[in-house]
Amino acid sequence: DRQLSYADLARAQIDLANVHLIGNALLPQLDEVRERAPGAWNEPSQTWLVTGHEEVIAAYRGMVPLSTERFKMFELLLPDKEDREQLIGHVLRYFSTMLINKDRPEHSRLRRLMSAAFTRKVVESYRETARQVIHDVLDELEGQGEVEFVEGVARKITGLNILRIMGFEDEDFYLPKLARWPYFSAAGGSGVPSREILAEMDAVSKEMGEAFSPIIAERRARPAEDFVSRLVHAGEGDDKLTDDEVIGNLILTLLQIL
């Protein structure tokens, strides 16, 4: 397998902390990096960008000594422990429990427990729910003429499906939040975010934790046929997900889908 040398690498100037401003222009910027080299040192974010197909595959196969514990980057962004915990205490609490932020053996444990909520039979059981959501949203658009696609169609269909699959009944409360929550959760973990963005990320993390906690408590006491119940009751004896792990991975599910 080919090994990267410093001669293979390029330098990039892509501000990953402001992807909301870059928009679709990000794609040609990444293409330009890929055309010059399979990897690049990205100055604005002080991170490596790996864009070559072979190199990405090698990383996913564990052939490169990489860690998935990305939440530890906050120790570099905020070296002072007291300052870090004060500014992003809720981020540290929940993001450290996410499946994608864990190396083995914790990654294997979380994946095993979470698989109960993602079996083919369980996913297939959501098909009719998804169809009904799509029909309802499109029916509402009839006769409206021009529609803002992301808010009026894409996010609404995706958001309503997530809420119903998870068993979150107060859709009027949650749906408006499904634009802000994923944005600040992702922005705070990209590039070199400002203290203002990190503070917003923490506020969003606190808000999600407070919203999800009562639902988790309810499902522990009275299980239902929904996503949260399957997460809460996965495993046996002491080998179960903690409340923080359930919250962290509910946040992850929202981020990955939205």
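Residues numbered from 1 in each chain as written. Predicted model: local features only at pLDDT ≥ 70, side-chain atom pairs only at ≥ 80, totals over all residues. Heavy atoms only, no water.

Overview of the nonpolar core
Generally speaking, nonpolar side chains in soluble globular proteins are found buried as a group. If you look at the biggest cluster of nonpolar residues, it comprises 45 residues, and the most contacted ones within it are Phe168, Trp181, Phe212 and Leu250. For this core, the secondary structure elements donating two or more residues are helix 5 (81–95), helix 6 (106–114), helix 9 (149–166), helix 11 (177–187), helix 12 (195–221), helix 13 (227–232) and helix 14 (243–257). Tallying contributions element by element places helix 12 first for this core, with 8 residues. For phenylalanine 212, the residues in contact, after removing those within four places along its chain, are Phe168, Tyr174, Trp181, Ile247, Leu250, Ile251 and Leu254. If you look at the next biggest cluster of nonpolar residues, it comprises 10 residues, including Ala12, Ile22, Leu26 and Ala37. (Core = buried A, V, L, I, M, F, W, Y, C linked by side-chain atoms within 4.5 Å. Buried < 20%, exposed > 50% of the residue type's maximum accessible area, 1.4 Å probe, protein only. Helix = DSSP H or I, 4+ residues; strand = E, 2+ residues; numbered from the N terminus. Contact = heavy atoms within 4.5 Å.)

A look at the packing of helix 11 against helix 12
One way to put it is that helix 11 packs onto helix 12 with a least axis distance of 8 Å and a crossing angle of 130°. Overall, the two elements helix 11 and helix 12 adopt an arrangement that is oblique. For the crossing formed where helix 11 meets helix 12, the hand is left-handed. Side by side, helix 11 and helix 12 meet where Lys177, Arg180, Trp181, Phe184, Ser185 and Ala187 of the first sit next to Ile197, Glu200, Met201, Ala203, Val204, Glu207, Met208, Ala211 and Phe212 of the second. (Axes fitted to C-alpha atoms, helices over the stretch in contact; angles between N-to-C directions. Parallel < 35°, antiparallel > 145°, perpendicular 65-115°, else oblique. Left-handed = near helix turned anticlockwise from the far one by under 90°.)

Quick notes on a nonpolar patch on the surface
A contiguous nonpolar surface patch, about 280 Å² in accessible area, is contributed by Met63, Val64 and Leu66. Here valine 64 lies in the loop between helix 3 (53–60) and helix 4 (73–77). (Patch = residues over 30% accessible without salt bridge, like charges linked within 9 Å, V, L, I, M, F, W, Y side chains within 5 Å. Areas by Shrake-Rupley, 256 points an atom, 1.4 Å probe, with all protein chains shown as cover. Salt bridge = Lys/Arg side-chain N within 4 Å of Asp/Glu carboxyl O.)

A short note on the sheet that holds strand 2 (residues 39–42)
Pairing within the open sheet is mixed, and its 3 strands lie in the order 1-2-3. Edge positions in the open sheet fall to strand 1 (10–12) and strand 3 (47–50), since each of these has one partner strand only. Taking the axes of each pair of neighbouring strands and ignoring which way they run, one obtains an average angle of 35° across the sheet. The pairing of strand 2 with strand 3 spans 4 bridges and is classified as antiparallel. Residue pairing for strand 3: glycine 39 is matched across the bridge by valine 50. (Pairing = 2+ DSSP bridges.)

Topic: the confidence of the model for the chain
Per-residue pLDDT for the chain averages 85, and the proportion of residues at 70 or more is 95%. Put simply, helix 1 (residues 19–22) is where the chain has its lowest mean pLDDT, 76, and helix 5 is where it has its highest, 94. (pLDDT = per-residue confidence, 0-100.)

Re the pairing of strand 2
Of the two faces of strand 2, both are covered, the one formed by Gly39 and Trp41 as well as the one formed by Ala40 and Asn42. Note: strand 1 against strand 2, 3 bridges, orientation parallel. Within the sheet, the bridge partner assigned to alanine 10 lies in strand 2 and is alanine 40. As consecutive antiparallel partners, strand 2 and strand 3 are separated by 4 residues, and within that stretch glutamine 46 has a phi angle of approximately 55°, a positive value.

Observations regarding the environment of histidine 90
The residue histidine 90 is located in helix 5 in this model. Taking relative accessible area as the criterion, histidine 90 reaches 24% and is therefore assigned partly exposed. Distance from histidine 90 to lysine 206, taken between C-alpha atoms, is 5.6 Å for residues 116 residues apart in sequence.

Notes on the packing of aromatic side chains
Here the distance between the centres and the angle between the planes together describe a pair of aromatic rings. Summed over the entire model, instances satisfying the criterion amount to 7 aromatic pairs. Seen from their ring centres, phenylalanine 118 and phenylalanine 227 are 5.3 Å apart, and the 80° between their planes marks the pair as edge-to-face. With phenylalanine 118 in the loop between helix 6 and helix 7 (120–124) and phenylalanine 227 in helix 13, the pair connects residues that are 109 residues apart, well separated along the chain. The class for phenylalanine 118 is partly exposed, based on a relative accessible area of 44%. One aromatic cluster is present, built from ring pairs that chain together Phe168, Phe173, Tyr174, Trp181 and Phe212. (Phe/Tyr/Trp six-rings, centres within 6.5 Å; stacked < 30°, edge-to-face > 60°.)

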